[in-house]
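Inside the fold
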Amino acid sequence: MILVLASILAVFLAGSTCGIFAMLVIGIHAEERRTAGRRAESSRVGTASRRVLSTRTCDDAPARVPAGR
């Protein structure tokens, strides 16, 4: 019984991992196609792939404007 549950869990995790990887590949492909076509709009998948694959650190972030009056 435990072996069956472990194999079901393994199949589920493998499927979700493949799904996430496919989403990233589709997003990268869509962004490359968008930039090659010079279109300005961005899709949800492209935005998600940019956010997941971004390598920004706190040094790259723009300076924040302090809140005040």
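Summary of the structure given here. (Residues numbered from 1 in each chain as written. Predicted model: local features only at pLDDT ≥ 70, side-chain atom pairs only at ≥ 80, totals over all residues. Heavy atoms only, no water.)

1. Let's talk about the overall build of the protein chain
From N to C terminus, the protein chain includes 2 helices and 0 strands. Per-residue burial for the protein chain yields a buried fraction of 9% across its 69 residues. Surface exposure of the protein chain reaches about 6,400 Å², of which carbon and sulfur atoms provide 67%. (Helix = DSSP H or I, 4+ residues; strand = E, 2+ residues; numbered from the N terminus. Buried < 20%, exposed > 50% of the residue type's maximum accessible area, 1.4 Å probe, protein only. Areas by Shrake-Rupley, 256 points an atom, 1.4 Å probe, with all protein chains shown as cover.)

2. Here's the deal with the environment of R44
Note that R44 resides in helix 2 (residues 44-53). Residue classification places R44 among the exposed residues on the basis of a relative accessible area of 77%.

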